[in-house]
Amino acid sequence: MHDMATSSLAATNTTSSGSGSISTIHPDIIETHVLSRLDASALASTSCVSSQLHSLIASNESLWTNICNSTWPSTDIPRLRHVISSFPKGPRSFFSDSFTNPDIAASSSPVNLDCPSGLISAVDIYYQHKTVLSKAVLTESFDTSPFRVDLLDPKDSVPTGVGQPVNEDLSRELGERLTLSWILIDPIGRRAMNLSSYKPVTVERRSLSTGEVHVRYGWVFNAGEKGSTTECVRCGISVTCEGSQNQSGEMHVTKVSLELEDMYGKQLSGKDSLVILRKGMAGKRGNVKGREEEGKRRNEDYREMRREKILSEVKKHQGRIDTLYMAFGALIFASLGHPFSLLSATDPRDSLCVL
């Protein structure tokens, strides 16, 4: 229907001026009966049909607010609505930031690191496109080390409406049907960034008794100089699902968290994470298509680079250990050839007793 509406508008616009021209249609009718029924992709295509439609779509804040709220239900709360409206072009800027892929390279633009460190996380989890969890949380301080954002309190759990998987294949199927969006919002800098791969990069069944399934999403940035521990940084998002204790056996989401890891898998501190995240928000944005494939590819590249880096360090340390063993062996050999040279006893008979 979206494509048909866009094609219809395009056809109407190309007709000769007169009763068939789009300029004769009142803007309220276009907004109410056409634009309000289009998703973001169709709106973007429609805005290219004519300058009139572009102006109509770009200036319609309520239209983009509805698009944001329907795409990410977690944004439909008064506080977030206010923050989003403060973006340079309102909800249209927010949608552009959150829908596009964060670029690999961090921005070289100056980033204000003196502003308050509070960030808002807007998180939505879906099972087969049906909303399971939508929540927004404010993290006011990142002074703690290591950096971590927990979406749920330890005693909280959210039902998924899905039965407990009974084998490995069903556990993997459960994980692959869960999609996730994690938008990190800087209310001071008025920028946002989606840190999720949408679809999981790994799915792991951890418990046979509870059917616990651990699902991992994420995004990878080139954040530091080549060869440094932050050459690549992974924003890892973990979701844990467990079977309920009652007879229904329904799976519940029990843990949802965000962490940043360096090349060795070590969690970054709050300060270091804040610098990288703000640079990522200020960075360029990539193609909106293929986020799932791009997310998996970056994660695989990160894991391979991490493996090679760890192996390199192991070989380096192994070389040092081998050198120490050789030196120690030479020392032992030398001491056996001259047994009194390493002893401080003044009486040779004392030395003989030791030997």
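Every value quoted in this text rests on a predicted model; they were computed, and no experiment measured them. (Residues numbered from 1 in each chain as written. Predicted model: local features only at pLDDT ≥ 70, side-chain atom pairs only at ≥ 80, totals over all residues. Heavy atoms only, no water.)

Counting its regular elements, the chain contains eleven helices and twelve strands. Going through the 355 residues of the chain one by one, you find that 41% of them count as buried. For the chain, restricting intrachain contacts to residue pairs at least 6 apart in sequence, the fraction spanning at least 24 positions comes to 65%. Total accessible area on the chain is roughly 19500 Å²; 53% of this is exposed by carbon and sulfur atoms. (Helix = DSSP H or I, 4+ residues; strand = E, 2+ residues; numbered from the N terminus. Buried < 20%, exposed > 50% of the residue type's maximum accessible area, 1.4 Å probe, protein only. Contact = heavy atoms within 4.5 Å. Areas by Shrake-Rupley, 256 points an atom, 1.4 Å probe, with all protein chains shown as cover.)

Now for unusual backbone geometry. Among all residues save glycine, negative phi is the norm, and among peptide bonds the norm is trans. Phi at Q128 takes a positive value of approximately 50 degrees, unusual for a residue other than glycine. In this structure, Q128 sits in the loop between β2 (119-127) and β3 (130-139). Overall, the relative accessible area of 45% leaves Q128 in the partly exposed class. Positive phi values are uncommon outside glycine, yet R190 reaches one of about 55 degrees. Following the sequence through the fold, R190 ends up in the loop between β6 (178-186) and β7 (191-194). Judged by relative accessible area, R190 falls into the partly exposed class, the value being 38%.

Grouped together as the largest cluster of nonpolar side chains are 41 residues, with contacts concentrated most on I125, W182, L195, V239, V256 and L277. For L277, the residues in contact, after removing those within four places along its chain, are L119, F147, L184, M193, L195, C235 and L260. Core analysis: the second largest hydrophobic core is formed by 27 residues, L43, I67, C68 and V83 among them. (Core = buried A, V, L, I, M, F, W, Y, C linked by side-chain atoms within 4.5 Å.)

It is worth spelling out the packing of aromatic side chains at this point. Per the stated rule, a full pass over the model turns up five aromatic pairs. Arranged with centres 5.3 Å apart and planes meeting at 45 degrees, the rings of W72 and F95 form a pair that is tilted. Taken together, the positions of W72 in the loop between α5 (61-71) and α6 (78-85) and F95 in helix α7 (residues 91-99) put the pair 23 residues apart, joining distant regions of the chain. What makes W72 buried here is its relative accessible area of 2%. Taken together, a centroid distance of 5.6 Å and an interplanar angle of 80 degrees make the contact between F87 and F94 edge-to-face. You'll find F87 and F94 in the same group, each marked buried. Among the aromatic residues, those joined into a cluster by ring pairs are W64, W72, F87, F94, F95 and F99. For the cation-ring pair, R291 lies above Y198, with the distance from its terminal atom to the ring centre recorded as 4.7 Å. (Phe/Tyr/Trp six-rings, centres within 6.5 Å; stacked < 30°, edge-to-face > 60°. Lys NZ or Arg CZ within 6 Å of the ring centre and 35° of its normal.)

This paragraph deals with the packing of α5 against α7. For the pair α5 and α7, interaxial distance at closest approach is 8 Å and the crossing angle is 35 degrees. The chirality of how α5 crosses α7 is left-handed. Contacts from E61, W64, T65, I67, C68 and T71 in α5 reach P91, R92, F94 and F95 in α7. Of the residues in the contact of α5 with α7, the class split is six nonpolar, two polar and two charged. (Axes fitted to C-alpha atoms, helices over the stretch in contact; angles between N-to-C directions. Left-handed = near helix turned anticlockwise from the far one by under 90°. Nonpolar A, V, L, I, M, F, W, Y, C, P; charged D, E, K, R; others polar.)

Right, let's get into the environment of M281. As for its placement among the helices and strands, M281 is situated in helix α9 (residues 270-282). Accessibility expressed as a relative area gives 2% for M281, which makes it buried. Taking C-alpha positions, M281 is 9.4 Å from R190, a pair spaced 91 residues apart along the chain. The residues touching M281, leaving out its near neighbours within four places in the chain, are L119, L184, I185, D186, R191, A192 and M193.

This part is about a nonpolar patch on the surface. Taken together, the side chains of Y264, I310 and V314 present a nonpolar region at the surface, about 230 Å² in accessible area. Inspection of the secondary structure puts V314 in helix α10 (residues 291-337). (Patch = residues over 30% accessible without salt bridge, like charges linked within 9 Å, V, L, I, M, F, W, Y side chains within 5 Å. Salt bridge = Lys/Arg side-chain N within 4 Å of Asp/Glu carboxyl O.)

A word on the sheet that holds β3. Taken together, four strands build an open sheet; the order of strands is β3-β2-β6-β7 and the sheet is antiparallel. Looking along the sheet, the strands with just one partner apiece sit at the ends: β3 and β7. Within this sheet the neighbouring strands show an average axis-to-axis angle of 15 degrees, counted without direction. Taken together, the eight bridges between β2 and β6 define a ladder with antiparallel strand orientation. (Pairing = 2+ DSSP bridges.)

Quick look at the side chain of D186 now. Position of D186 relative to the elements: it lies in strand β6. Its relative accessible area of 5% is what places D186 among the buried residues. Engagement of the side chain of D186 in a polar contact is seen with the backbone nitrogen of I188, the distance being 3.1 Å. Excluding its chain neighbours within four sequence positions, the residues that come into contact with D186 are G118, L119, R191, R278 and M281. (Polar contact = N/O pair within 3.5 Å; in protein donor to acceptor, adjacent residues only side chain to side chain.)

Attention now goes to helix α4 (residues 51-58). Buried within α4 are the following residues: L53, L56 and I57. Buried residues in α4, looked at end-on, bunch into an arc of 95 degrees, giving them a common side. (Arc of directions from axis to C-beta.)

This brings us to the confidence of the model for the chain. Of all residues in the chain, 75% attain a pLDDT of 70 or more, and the chain-wide mean is 78. Note that pLDDT drops below 50 for residues 14-19; the model gives that stretch five contacts with residues more than four away or on any other chain. (pLDDT = per-residue confidence, 0-100.)

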